[in-house]
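This is what each chain is made of:
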Amino acid sequence: MVLVESGLVKVTMAHPCGRTFLSALIQLVPCRPSVAPFSTLSPNKLCCAAIRMLGQPCLCVLAKGPPISGVDRALALQIPGKCSANFPP
(Lines give C-alpha, C1' and ligand atoms only; values in the text may rest on other atoms or scores of the structure.)
Protein backbone atom coordinates (compact mmCIF):
# COMPACT_ATOMS: atom_id res chain seq x y z
CA MET A 1 0.00 0.00 0.00
CA VAL A 2 1.31 3.48 -0.81
CA LEU A 3 0.16 6.55 1.06
CA VAL A 4 0.90 10.14 0.15
CA GLU A 5 1.44 12.38 3.17
CA SER A 6 2.48 16.03 2.89
CA GLY A 7 3.89 15.47 -0.58
CA LEU A 8 6.02 12.54 0.57
CA VAL A 9 5.37 8.97 -0.48
CA LYS A 10 5.13 6.53 2.39
CA VAL A 11 5.08 2.75 1.79
CA THR A 12 3.40 0.64 4.46
CA MET A 13 3.01 -3.12 4.82
CA ALA A 14 -0.46 -4.48 5.49
CA HIS A 15 -0.80 -5.94 8.99
CA PRO A 16 -2.17 -9.50 9.01
CA CYS A 17 -4.70 -8.47 11.67
CA GLY A 18 -6.19 -5.57 9.75
CA ARG A 19 -5.35 -2.08 10.86
CA THR A 20 -3.96 -2.81 14.33
CA PHE A 21 -3.07 -5.52 16.82
CA LEU A 22 -5.54 -3.93 19.26
CA SER A 23 -8.43 -4.12 16.79
CA ALA A 24 -7.82 -7.87 16.45
CA LEU A 25 -7.86 -8.29 20.22
CA ILE A 26 -11.13 -6.41 20.43
CA GLN A 27 -12.68 -8.82 17.92
CA LEU A 28 -11.70 -11.68 20.22
CA VAL A 29 -13.54 -10.31 23.29
CA PRO A 30 -16.22 -13.04 22.97
CA CYS A 31 -13.43 -15.59 23.61
CA ARG A 32 -12.44 -14.04 26.94
CA PRO A 33 -14.44 -16.44 29.19
CA SER A 34 -12.80 -19.45 27.50
CA VAL A 35 -9.22 -18.22 27.89
CA ALA A 36 -9.34 -16.87 31.44
CA PRO A 37 -6.90 -18.69 33.73
CA PHE A 38 -8.32 -22.02 34.96
CA SER A 39 -11.39 -21.72 32.69
CA THR A 40 -13.26 -24.87 31.74
CA LEU A 41 -15.73 -23.06 29.45
CA SER A 42 -15.92 -23.99 25.79
CA PRO A 43 -15.74 -21.19 23.24
CA ASN A 44 -19.13 -19.78 22.25
CA LYS A 45 -20.43 -19.26 18.71
CA LEU A 46 -19.35 -15.60 18.62
CA CYS A 47 -15.83 -16.57 19.68
CA CYS A 48 -15.57 -19.24 16.98
CA ALA A 49 -16.89 -16.85 14.35
CA ALA A 50 -14.23 -14.30 15.35
CA ILE A 51 -11.49 -16.97 15.19
CA ARG A 52 -12.50 -17.96 11.67
CA MET A 53 -12.85 -14.34 10.52
CA LEU A 54 -9.41 -13.29 11.80
CA GLY A 55 -7.73 -16.32 10.24
CA GLN A 56 -4.49 -18.10 10.93
CA PRO A 57 -1.98 -15.33 10.03
CA CYS A 58 -3.57 -12.93 12.48
CA LEU A 59 -3.92 -15.55 15.22
CA CYS A 60 -0.23 -16.41 14.85
CA VAL A 61 0.68 -12.75 15.30
CA LEU A 62 -1.45 -12.60 18.45
CA ALA A 63 -0.04 -15.87 19.80
CA LYS A 64 3.55 -14.73 19.32
CA GLY A 65 2.85 -11.25 20.71
CA PRO A 66 3.28 -9.97 24.23
CA PRO A 67 1.41 -11.62 27.12
CA ILE A 68 -2.16 -10.43 27.54
CA SER A 69 -3.39 -9.83 31.07
CA GLY A 70 -6.04 -12.31 32.15
CA VAL A 71 -5.41 -14.71 29.26
CA ASP A 72 -4.00 -18.20 29.69
CA ARG A 73 -1.91 -18.61 26.55
CA ALA A 74 -2.18 -22.42 26.63
CA LEU A 75 -6.00 -22.20 26.65
CA ALA A 76 -5.94 -19.54 23.94
CA LEU A 77 -3.88 -21.79 21.66
CA GLN A 78 -6.53 -24.51 21.97
CA ILE A 79 -9.43 -22.30 20.82
CA PRO A 80 -9.00 -22.79 17.02
CA GLY A 81 -9.14 -26.58 17.48
CA LYS A 82 -12.17 -26.34 19.76
CA CYS A 83 -13.87 -24.16 17.15
CA SER A 84 -13.03 -26.62 14.35
CA ALA A 85 -11.12 -23.88 12.56
CA ASN A 86 -9.06 -26.20 10.39
CA PHE A 87 -5.98 -24.07 9.81
CA PRO A 88 -2.83 -25.73 8.46
CA PRO A 89 -0.11 -26.33 11.07
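Everything numeric here is computed off the predicted structure, so don't read it as measured data.

**Student:** Explain the packing of helix H3 (residues 45-64) against helix H4 (residues 73-82) residue by residue, including any values.
**Tutor:** Here H3 crosses H4 at 125°, and the two axes come no closer than 9 Å. Looking at the two axes, H3 sits oblique to H4. Taken as a pair, H3 and H4 cross one another with a handedness that is left-handed. For the pair H3 and H4, contact is made by Cys47, Ile51, Leu59, Leu62, Ala63 and Lys64 and by Arg73, Leu77, Ile79 and Pro80, respectively.

**Student:** Go over the environment of Cys31 with me, naming the residues and quoting the values.
**Tutor:** Tracing the backbone shows Cys31 in the loop between helix H1 (21-27) and helix H2 (32-35). Given the relative accessible area of 5%, Cys31 is considered buried. Spatially, the C-alpha atoms of Cys31 and Ala50 are 8.4 Å apart, while their sequence positions differ by 19 residues.

**Student:** Outline the state of the cysteines, listing residues and values.
**Tutor:** As enumerated under the stated definition, the model contains three disulfides in all. Sulfur-sulfur distance for the disulfide between Cys31 and Cys47 comes to 2.0 Å. Every disulfide takes its handedness from the sign of the S-S torsion; for Cys31 and Cys47 that torsion is 100°, giving right-handed. With a gap of 16 residues between them, Cys31 in the loop between H1 and H2 and Cys47 in helix H3 connect regions that are remote in the sequence. Cys47 matches Cys31 in its accessibility class, with the two residues each being buried. In this model, Cys48 is linked to Cys83 through a disulfide, with the two sulfur atoms separated by 2.1 Å.

**Student:** Please give an account of the confidence of the model for the chain that cites residues and values.
**Tutor:** The predicted model of the chain has a mean per-residue pLDDT of 83, with 82% of residues at 70 or higher. Contacts of residues 1-12 to residues separated by more than four positions or lying in other chains number eleven contacts, the stretch itself having pLDDT below 50.

Calculation criteria
The numbering scheme is per chain: residues are counted from 1 as the chain's sequence reads. For this predicted model, a pLDDT threshold of at least 70 governs which residues receive local features, and a threshold of 80 or more governs which side-chain atom pairs are given and counted, while totals over whole chains, interfaces and linings are taken from all residues. Note that water and hydrogens are dropped before the side-chain values are worked out from all heavy atoms of the structure. Comment: axis = line fitted to C-alpha atoms, over the contacting stretch for helices; angle = value between 0 and 180 degrees taken between N-to-C directions. Only DSSP runs of H or I reaching four residues or more are called helices, and only runs of E reaching two or more are called strands; each is numbered from the N terminus. Angle categories are assigned with fixed cut-offs, so that under 35 degrees is roughly parallel, over 145 is roughly antiparallel, 65 to 115 is roughly perpendicular, and the rest are oblique. Take the far helix as the reference: if the near one is turned anticlockwise from it by less than a right angle, the crossing is left-handed, and if turned clockwise, right-handed. The contact criterion used throughout is that any non-hydrogen atoms of two residues lie within 4.5 Å. Only protein chains enter the area calculation, which uses a 1.4 Å probe; residues under 20% of their type maximum are buried, those over 50% are exposed, and those in between are partly exposed. By disulfide we mean two sulfur atoms from cysteines, separated by a distance within 2.5 Å. Note on scores: pLDDT gives the predictor's confidence for each residue, bounded by 0 and 100.

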